[in-house]
Amino acid sequence: MVKKNTCVFISGKGTNLKNLIIKSRNYNFPINIKLVVCNNPNAYGLNYAKKYFIPYVVVNTNLRNYEKKILVNLKKRKISLICLAGYMKIISNKFLKEYGKKILNIHPSLLPKFKGLNTYDRIIKNKEIKTGCTVHFVNKNLDEGKIIKKKFFFLEKTDNKETIKNKTKILEYRAYPEAIIKIFSKASF
Ligand code: GRF
């Protein structure tokens, strides 16, 4: 199997990055993680890039041409798939056009519900019965691209922000790899 050269974009903890790195070590998992892009020099997730010897670039998103810098690095590593995993920056339209290949994102709600930030607070406030995570393609509208995979659980009376977050993350670690397998095994995408 020819694995797709993949770049994971992170800003924080990087637990989805870690999970994808481990999954990608399996010989029949369709991607190889060749690069990590991070916009936060203090992100804990950078430790996983270091630990698993994956090249990484830290970009300063306050600079005007930071997306150009990312594109140069993607080209250099022949990246054909980007997985956003807790990357707290909106991908510009210009970037989408210039990169022109698949970009995926994972979001901690059942899209189209609760797009954007502060997802867990809004789920609690809205007294949802169930919640979960969604893996989707990235397009020019925030959290609105075609959905690839969703996973859910029912909320319990005792749940709070912390428990909802933990339960959601456990589902994320299954949903992201399954979504990646799905897009490379189906002609429909
Ligand atoms: C995940 O919950 C993901 O859904 C959201 O950001 C979080 C990233 O977590 N987009 P981690 O950095 O992978 O631990």
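For the structure, check the block above.
Residues numbered from 1 in each chain as written. Predicted model: local features only at pLDDT ≥ 70, side-chain atom pairs only at ≥ 80, totals over all residues. Heavy atoms only, no water.

Caption draft 1: Structural view of unusual backbone geometry. Look at the link from Leu111 to Pro112: it is a cis peptide, with omega at 10 degrees. Take Pro112: it is sitting in the loop between β5 (102–107) and α5 (119–125). The phi dihedral of Asn118 is positive, around 50 degrees, even though this residue is not glycine. In this model, Asp143 sits at a positive phi of 55 degrees, which is unusual for a non-glycine residue. Relative to the elements of secondary structure, Asp143 occurs in the loop between β6 (130–137) and β7 (147–154). Assessed through its relative accessible area of 9%, Asp143 is described here as buried. (Helix = DSSP H or I, 4+ residues; strand = E, 2+ residues; numbered from the N terminus. Buried < 20%, exposed > 50% of the residue type's maximum accessible area, 1.4 Å probe, protein only.)

Caption draft 2: Structural context of the pairing of strand β1 (residues 4–10). Most of β1 sits out of view: five of its seven residues are buried. In this sheet, strand β2 (residues 31–38) lies alongside β1 in parallel orientation, the contact comprising seven bridges. The residue bridging Phe9 from the neighbouring strand is Val37, located in β2. After leaving β1, the chain enters helix α1 (residues 15–24) and then returns to the sheet as β2, a path that is right-handed. Bridge count for β1 against strand β4 (residues 81–84) is four bridges, and the pairing is parallel. Opposite Cys7, over in β4, you have Ile82 as the bridge partner. (Pairing = 2+ DSSP bridges. Right-handed = clockwise from strand over helix to strand, strands pointing away.)

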